Amino acid sequence: MKKPIFSIIALLFSFIGIGFLFLGNLESDEKSERPEFALAIHGGAGAMSRDLMTDELEVQYRSGLEAALQKGEEILKNGGSAMDAVEATIHILEDNPLFNAGKGAVFTHEETVELDASFMDGGTGNAGAVAGIKTIKHPISAARLVMDSSVHVMMAGEGADKFASSYGLEVVENTYFHTERRLKQVQEKKAGEEPKVLKKHGTVGCVALDKEGNLAAGTSTGGMTNKRYGRVGDAPIIGAGTYANNESCAVSCTGHGEYFIRNVVAYDVSALMQYGNKSLQEAGDHIIHEKLVKQNASGGLISLDKDGNIHMPFNSAGMFRGFIKSNGSSGIAIYDDEF
Ligand code: ASP
């Protein structure tokens, strides 16, 4: 009688042992899979149908995203900080007239350009933002400057332009940001027509994880075509368009800003992970594919967690996006049938 009991107990112990071994392996696998560094970018979400996209334009978008990724990779590979990678990567996108940030940003109703940006350090929780600036060439740097060199989190309008220029950030005429394509777009919109160019939101953003394990996030935009009365979207609002916390994740959003503000989207991803024990993917999918869809709100986000996982959900037809990791994996995509 005793023998079978001992055998059963022995068997149970060996199962438990195997279980621990397996868990141990999973954990160490996760650790070894955690990339030394990782970075993701977006160039806006929206209605990018293949019909509106020419082959030539598609190549230009993809190479614009590629150039931005390369910049970020170079910085992180050489041991640079997530914050430096985010800032420099966004500069490349702000300089590219294809994207709705910096040069090539959309026009306001008054046919000027007003730019919004925000920046957050996941290590300290420090953050900076600017709204409605008109003369600073790289709005993302103005946002970082507010974080680094003032006791405030957000500055708006002329004061923000003045603050940034007083610290030596490059100043340009507002016309530097203007492009024919965007002018046509706002004029068509004012005439009550749907613009015949790619109907996309177009904000740019970047999230990064550096070798030290620090996360950072940044977002930069011209906002929405034909905006007026000093309208400000989610992009410069910490917690709505941008959020980073080393305990959870870094997030940058793009989409219909009013909904992203009301739903505090970027922070919600982090909170669902921190307090709701959701994975990065579960958190982002819940917000983008359930919560926002119920409200008819279109857009998407890029997110990167402290273990180097990347998730880039969107509920629009497409989102310009890309990622790189130190383990060699990388990708660039536009439409929803890609990765
Ligand atoms: N979220 C931005 C805004 O509402 C627009 C965009 O993402 O394209 O200003």
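Before reading on, note that the structure itself is shown above.
Summary of the structure given here. This is a predicted model, so every value here is computed, not measured.

**Focus on the environment of L39**
Summarising the element assignment, L39 is placed in strand β1 (residues 38–47). Using a relative accessible area of 0% as the deciding quantity, one classes L39 as buried. Residues L39 and G308, spaced 269 residues apart in sequence, show a C-alpha to C-alpha distance of 8.6 Å.

**Focus: the sheet that holds strand β8 (residues 242–244)**
Adjacent strands of a sheet form backbone hydrogen bonds with each other and so pair up, either parallel or antiparallel. Here four strands make up an open sheet; going across it, the order is β8-β9-β10-β11 and the pairing antiparallel. A single partner strand is all that each edge strand has here, and the edge strands are β8 and β11 (310–311). Bridge count for strand β10 (residues 299–305) against β11 is two bridges, and the pairing is antiparallel. Each residue of the ladder has a partner; that of S303, found in β11, is H311. Packing of helix α8 (residues 265–274) onto the sheet brings it into contact with β8, β9 (249–255) and β10, and relative to β9 it is tilted by some 145 degrees.

**Section: the packing of aromatic side chains**
By the definition in use, this model includes six aromatic pairs. Measuring from centroid to centroid gives 4.1 Å for Y61 and F320, while their planes differ by 15 degrees, and the two rings are stacked. Here Y61, found in helix α2 (residues 55–77), pairs with F320, found in strand β12 (residues 318–325); they are 259 residues apart in sequence, far enough to count as distant. By relative accessible area, F320 is classed as buried at 0%. Taken together, the aromatic side chains of Y61, F99 and F320 make up a single cluster linked through ring pairs.

**A few points about the packing of α2 against helix α3 (residues 82–95)**
Running from amino to carboxyl end, α2 crosses α3 at an angle of 160 degrees, the nearest separation of the two axes being 8 Å. On the basis of their axis angle, the class for α2 and α3 is roughly antiparallel. Both α2 and α3 take part in a crossing whose hand is right-handed. Residues G64, L65, A67, A68, K71, G72, I75 and L76 of α2 touch α3, and the partners they reach there are A82, D84, A85, A88, T89, I92 and L93. Broken down by class, the residue content of the contact of α2 with α3 amounts to ten nonpolar, three polar and two charged.

**Points about the pairing of β12**
Across the eight residues that make up β12, a large majority, eight, are buried. Of the two faces of β12, both are covered, the one formed by G318, F320, G322 and I324 as well as the one formed by M319, R321, F323 and K325. Note that β1 and β12 share seven bridges and pair antiparallel. Each residue of the ladder has a partner; that of A38, found in β12, is K325. Pairing analysis gives five bridges linking β12 to strand β13 (residues 330–335), with the strands arranged antiparallel. Residue pairing in the sheet places I324 in a bridge with S330 of β13. In sequence, β12 turns back onto β13 through a hairpin of four residues, with G328 there showing a positive phi of about 95 degrees.

**As for the nonpolar core**
In this structure, L39, I41, F99 and F320 are the most contacted members of the largest nonpolar core, which totals 52 residues. The next biggest cluster of nonpolar side chains, apart from the first, holds 35 residues, and it includes A217, F260, A283 and I287.

Each value, and the rule that gives it
- All residue numbers here refer to positions counted from 1 along the written sequence of the relevant chain.
- Totals for whole chains, interfaces and linings use all residues, but because this is a predicted model, local features are given only for residues with pLDDT of at least 70 and pairs of side-chain atoms are given and counted only at 80 or more.
- In computing side-chain values, all of the structure's heavy atoms are included and hydrogens and water are not.
- Here a helix means four or more residues in a row that DSSP labels H or I, a strand means two or more in a row labelled E, and each is numbered from the N terminus.
- Exposure is judged per residue with a 1.4 Å probe applied to protein chains only, and the accessible area is read against the type maximum: over 50% gives exposed, under 20% gives buried, and values in between give partly exposed.
- Here, a strand pair is defined by DSSP locating no fewer than two bridges between the strands.
- Residue contacts are defined here by distance: any two heavy atoms, one from each residue, within 4.5 Å place the two residues in contact.
- Axes here refer to lines fitted to C-alpha atoms; in helices the fit is confined to the stretch in contact. Angles between the N-to-C directions go from 0 to 180 degrees.
- Pairing of aromatic side chains requires ring centres within 6.5 Å, counting the rings of Phe and Tyr and the six-membered ring of Trp. Pairs whose planes differ by under 30 degrees are stacked, by over 60 edge-to-face, and all others tilted.
- Should an angle fall under 35 degrees it is taken as roughly parallel, and over 145 as roughly antiparallel, whereas 65 to 115 is taken as roughly perpendicular and any remaining angle as oblique.
- We call a crossing left-handed when the near helix sits turned anticlockwise from the far one by less than a right angle, and right-handed when that turn is clockwise.
- Note on residue classes: Ala, Val, Leu, Ile, Met, Phe, Trp, Tyr, Cys and Pro are nonpolar, Asp, Glu, Lys and Arg are charged, and everything else, Gly too, is polar.
- Among buried residues, those of type Ala, Val, Leu, Ile, Met, Phe, Trp, Tyr and Cys that are joined through side-chain atoms within 4.5 Å constitute a nonpolar core.

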